Amino acid sequence: MAVRSSALHWLLAVPVVLLLPYTLLCMGFYLTGARHLPDRLEPARWQATPEIRAQLLKVEAGMAPADTVPRLDPLTFVPRVVLEIRSQRPGTAETGGHRLLINAARMLYFGRGMHAKTHSHHLPEIALAIRLSREWTTEQIADTLLAESHYGRCSVGIDQAAYAYFGRPLAQLRRQETLALIALLKGPNWYSLDRTPER
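Residues numbered from 1 in each chain as written. Predicted model: local features only at pLDDT ≥ 70, side-chain atom pairs only at ≥ 80, totals over all residues. Heavy atoms only, no water.

Re the overall build of the protein chain
Phase 1 of the analysis: On a plain count of helices and strands, the protein chain comes out with eight helices and two strands.
Phase 2 of the analysis: Along the protein chain, helices and strands appear, N-terminal first, in the series α-α-α-α-α-α-β-β-α-α.
Phase 3 of the analysis: The 199 residues of the protein chain split such that 38% are buried.
Phase 4 of the analysis: Contacts in the protein chain between residues at least 24 apart in sequence constitute 65% of all its contacts with a sequence separation of at least 6.
Phase 5 of the analysis: For the protein chain, the computed accessible surface area is about 11,700 Å², with 60% contributed by carbon and sulfur atoms. (Helix = DSSP H or I, 4+ residues; strand = E, 2+ residues; numbered from the N terminus. Buried < 20%, exposed > 50% of the residue type's maximum accessible area, 1.4 Å probe, protein only. Contact = heavy atoms within 4.5 Å. Areas by Shrake-Rupley, 256 points an atom, 1.4 Å probe, with all protein chains shown as cover.)

Some thoughts on the nonpolar core
Phase 1 of the analysis: Counting residues in hydrophobic clusters, the biggest one holds 46 residues, and the most contacted among them are L128, L132 and L146.
Phase 2 of the analysis: Elements that contribute at least two residues to this core include exactly helix 1 (2-34), helix 2 (50-61), helix 3 (74-87), helix 4 (97-111), helix 5 (122-135), helix 6 (138-148), helix 7 (158-166) and helix 8 (175-183).
Phase 3 of the analysis: Per-element accounting of this core gives the leading share, eight residues, to helix 4.
Phase 4 of the analysis: Ignoring any residue separated from it by four or fewer positions in sequence, one finds L128 in contact with L37, L41, A105, L108, Y109 and M114. (Core = buried A, V, L, I, M, F, W, Y, C linked by side-chain atoms within 4.5 Å.)

Brief notes about the pattern of salt bridges
Side chains that carry opposite charge are capable of pairing whenever their charged atoms lie near each other.
Phase 1 of the analysis: In this structure the tally under the stated criterion is six salt bridges.
Phase 2 of the analysis: Among the ionic pairs, E135 bridges to R131, the shortest N-O distance being 2.9 Å. Of this pair, E135 and R131 both sit in helix 5, four residues apart, which is roughly one turn of the helix.
Phase 3 of the analysis: A residue is classified by how much of its surface remains accessible, and R131, at 10% relative accessible area, is buried.
Phase 4 of the analysis: With a closest N to O distance of 3.4 Å, E177 and R174 form a salt bridge. (Salt bridge = Lys/Arg side-chain N within 4 Å of Asp/Glu carboxyl O.)

Digging into the layout of surface pockets
Any empty space left between atoms is shown by rolling a water-sized probe over those atoms.
Phase 1 of the analysis: In this structure, the largest pocket spans a volume of roughly 380 Å³.
Phase 2 of the analysis: If you go around the largest pocket, you meet 15 residues; those closest to its centre are N103, R106, M107, L185 and K186.
Phase 3 of the analysis: Among the elements that line the lining of the largest pocket, the one with the most residues is helix 4, at six residues.
Phase 4 of the analysis: Looking at side-chain class alone, the lining of the largest pocket contains five nonpolar, five polar and five charged residues. (1 Å grid on protein atoms, 1.4 Å probe; cavity = no way out; pocket = protein on both sides within 12 Å on 5 of 7 lines; lining within 4 Å. Points joined across faces, edges and corners; volume = space filled by probe spheres on them. Nonpolar A, V, L, I, M, F, W, Y, C, P; charged D, E, K, R; others polar.)

Comments concerning the packing of helix 2 against helix 8
Phase 1 of the analysis: Relative to each other, helix 2 and helix 8 sit at 50 degrees, their axes nearing to 10 Å. Overall, the two elements helix 2 and helix 8 adopt an arrangement that is oblique. Like other packed secondary-structure pairs, helix 2 and helix 8 cross with a definite hand, here right-handed. Here helix 2 contributes I52, Q55, L56, V59 and E60 to the contact with helix 8, which in turn contributes R175, T178, L179 and I182. (Axes fitted to C-alpha atoms, helices over the stretch in contact; angles between N-to-C directions. Parallel < 35°, antiparallel > 145°, perpendicular 65-115°, else oblique. Left-handed = near helix turned anticlockwise from the far one by under 90°.)

Describing the confidence of the model for the protein chain
When pLDDT is low, close inspection of the predicted coordinates is not appropriate.
Phase 1 of the analysis: Looking at the protein chain, the pLDDT average stands at 82 and 83% of residues meet or exceed 70.
Phase 2 of the analysis: Across the protein chain, helix 6 holds the top mean pLDDT of 95, while helix 3 sits lowest at 74. (pLDDT = per-residue confidence, 0-100.)

Below, the structure written as structure tokens:
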């Protein structure tokens, strides 16, 4: 009976011994990235119309308007992103809501000047994506992405981009023109309406 009890204790102890370093490593990555972030993250005050927000969610993340971003945690999300970075195969961790969170985190990290505090951007972006998934709604993430992204032609935000590219306010643009501006989020230089209209 004592031998069985001892074996049972060992069987229970092995997963704990293996899980503890994994947990500490993931939390260490998260906390290292999070220390470079501000205490409060305020979403943009600008609000997109439901139609424009739906277009962004469809183009950027393949999400329906009713979908929500997943709540991320360091134990599952950090390893996915680290493996993606190490394997040099971008896109494996960025599906649906994950892609929207990563794009918003990257835009906020560089757009709001948080990058000046550190040399590497991967861990702070991961920590920022995790915080966004827990602190902001899908609508706030989408609106902030639209309001604070760089669209080229010295325009920041989709309102300025509407004037820069089409000479009209956003409310007067046709659906195709709005979609063209949203496509610029993937890379204003690569998808420039002037340089490469075929893309």
